[in-house]
Structures are given as C-alpha cells and as structure tokens.
Amino acid sequence: MITPDVRDALHRMLADRVRFEVPMSRLTSLRVGGPAGAVATPADRGELAALLRLCAKHGVPHLTLGAGFNTLVTDRGFGGVVIQLSRFRAIEERPGGAL
C-alpha cells in the first residue's frame with residue numbers, strides 16, 4: 001500500500017517519472033492486471049538504488065518489470081511500487097564483467 005508519505009517521497013524523487021494507480025494491463029503484453037500502487041521509472045543506477053532504499057525504509061513491496069512480456073498480474077493489482085526498467089539504459093557492463 002502506498003501511503004501519502006511514500007507517495008510524496010516518490011514524487012519528490014522522480015517527479016513525472018512516477019505514476020499512481022496505473023492499470024497493469026497497460027504495461028503487460030497479455031493486457032491483464034489491475035492497478036499498481038505506483039509505477040516508477042528511474043533514470044539511472046543512483047535513482048534505482050534510492051528507490052529501493054525508500055521502499056525498504058517504508059516496508060513497501062516492489063517488483064521489477066522489463067517490457068512486460070509473459071507477465072501476469074491479478075485483477076486485484078499490486079499495491080506496491082512497480083519499477084519499470086524497460087527504458088532504463090544506464091546499466092552498462094564495466095570492464096571485467098561488473099555492473
């Protein structure tokens with residue numbers, strides 16, 4: 001569940017890259033699923049790390065979503081934060097195979 005405090009913190013962190021009560025059917029190839037509490041699209045690894053810390057601090061469940069292929073979400077939705085990584089281009093492999 002996204003409380004008003006978490007909602008405000010997400011908005012301060014991500015501005016227009018966080019949306020609330022988004023039908024998951026819009027994000028999956030199978031076009032099924034109820035609303036997500038929030039859908040967040042971090043711009044880089046730093047924002048991703050900050051987003052994960054925020055979820056942990058407030059006990060908010062999260063899940064990562066790529067392009068949404070072969071993803072099933074119940075019609076009840078998901079009350080936590082969906083971290084959409086399909087547009088996340090900032091993860092690059094460093095020399096030696098490290099991220």
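Residue indices follow the written sequence of each chain, beginning from 1 at its first position. Only residues with pLDDT of 70 or above have their local features reported here, since the model is predicted, and side-chain atom pairs are shown and tallied only from 80 upward, although totals for entire chains, interfaces and linings are computed over all residues. With hydrogens and water excluded, all non-hydrogen atoms of the structure serve as input to the side-chain values.

Trainee: Got a minute to help me understand the packing of aromatic side chains in this structure?
Mentor: Aromatic ring pairs are defined here through the distance separating the ring centres and the angle between the ring planes. To pair, rings of Phe, Tyr and Trp, with the six-membered ring standing in for Trp, must have centres within 6.5 Å; the planes then decide the type, stacked if under 30 degrees apart, edge-to-face if over 60, and tilted in the middle. Under the criterion given, the structure shown has zero aromatic pairs. A ring is scored as having a charge over it whenever the NZ atom of a lysine or the CZ atom of an arginine sits within 6 Å of its centre and within 35 degrees of its normal. Over the ring of Phe20 we find Arg7, and its NZ or CZ is 3.9 Å from the ring centre.

Trainee: I would appreciate a short explanation of the packing of helix α1 (residues 4-14) against helix α2 (residues 45-58) in the present structure.
Mentor: A pair of packed helices is characterised by two quantities: the angle between their axes and the separation of those axes. Working convention: axes come from line fits to C-alpha atoms, limited for helices to the stretch in contact. Angles between N-to-C directions cover 0 to 180 degrees. Under the scheme used here, helices are H or I runs from DSSP no shorter than 4 residues and strands are E runs no shorter than 2 residues, and both carry numbers assigned from the N terminus. One can describe the packing of α1 onto α2 by two numbers: an axis separation of 11 Å at closest approach and a directional angle of 170 degrees. For the element pair α1 / α2, the angle class is roughly antiparallel. For the pair α1 and α2, the contacting residues are Val6, Ala9, Leu10, Met13 and Leu14 in the first and Glu47, Ala50, Leu51, Leu54 and His58 in the second. Throughout this description, any angle smaller than 35 degrees is read as roughly parallel, any larger than 145 degrees as roughly antiparallel, any in the 65 to 115 degree range as roughly perpendicular, and the remainder as oblique. The contact definition used throughout considers only heavy atoms, calling two residues in contact when any of these lie within 4.5 Å.

Trainee: Quick question: what am I supposed to make of the environment of Pro61 here?
Mentor: Turning to its location among the elements, Pro61 is positioned in the loop between α2 and β3 (62-65). Between the alpha carbons of Pro61 and Val82 there is a distance of 8.7 Å; along the sequence they are 21 residues apart. Once residues within four sequence positions are removed from consideration, Pro61 is found in contact with Phe78, Gly80 and Val81.

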